[in-house]
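Chain by chain, the residues run as shown.
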Amino acid sequence: MRALGVDFGARRIGLALSDATGMLASPWKAIDGGGGPRAAAERLRAIVAELAAEADGLAAVVVGLPRRLDGSDNDHTPIVRVFAAELARLSGLPVILQDERLSSHEAESRLAVRERDWRRRKAKLDAAAAAVILQDYLDHR
């Protein structure tokens, strides 16, 4: 069964999918994150329902939890917790919070190797960060 990785942001939400074996995460796409955490969870609910209905199914949703480098919560952490709780309630699937410290930095570094133009990298960054978050979860489970 697959897992969906989510990098929640106020403007965009990056999405990544694992393969059917749950071993490899790949960037998928980014969707609009505006309207607050509850509205974003409602938009994502439809996507989760579609993925769950496919032949490979969907076992879980892994949401990146922003933290400071020392591990403490930052200003964005409570918003992501609300988003994750609402998504769990709406989707009926397990929603796992995964530490996302430095995931965007790692995604940017990986993209920079293949894409020199920062404008093109920026368009792919949210989904790439979601893939980093999801891969971290898959590697440590």
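Above this text you will find the structure in question.
First, a word on what this report is: a plain description of the structure on this page. On a predicted model such as this, the values are computed, not experimentally measured, just so you know. (Residues numbered from 1 in each chain as written. Predicted model: local features only at pLDDT ≥ 70, side-chain atom pairs only at ≥ 80, totals over all residues. Heavy atoms only, no water.)

### Let's talk about the sheet that holds strand β3 (residues 25-32)
Alright, step 1. Taken in spatial order, the five strands make up an open sheet running β3-β2-β1-β4-β5, and their pairing is mixed. With one partner strand each, in any of the chains shown, β3 and β5 (95-99) form the two edges of the open sheet. Averaged over all adjacent pairs, the angle separating strand axes in this sheet is 25°, with direction ignored.
Alright, step 2. Both strand β2 (residues 12-18) and β3 contribute to a ladder of seven bridges, which runs antiparallel. Within β3, the position partnered with Ala16 by the bridge is Pro27. (Pairing = 2+ DSSP bridges. Helix = DSSP H or I, 4+ residues; strand = E, 2+ residues; numbered from the N terminus. Axes fitted to C-alpha atoms, helices over the stretch in contact; angles between N-to-C directions.)

### Quick look at the environment of Pro37
Alright, step 1. Checked against the element boundaries, Pro37 lands in helix α1 (residues 36-53).
Alright, step 2. Between the C-alpha atoms of Pro37 and Ala85, which are 48 residues apart in sequence, the distance is 9.6 Å.
Alright, step 3. Aside from chain neighbours lying at most four places away, what touches Pro37 is Phe8, Ile79, Val82 and Phe83. (Contact = heavy atoms within 4.5 Å.)

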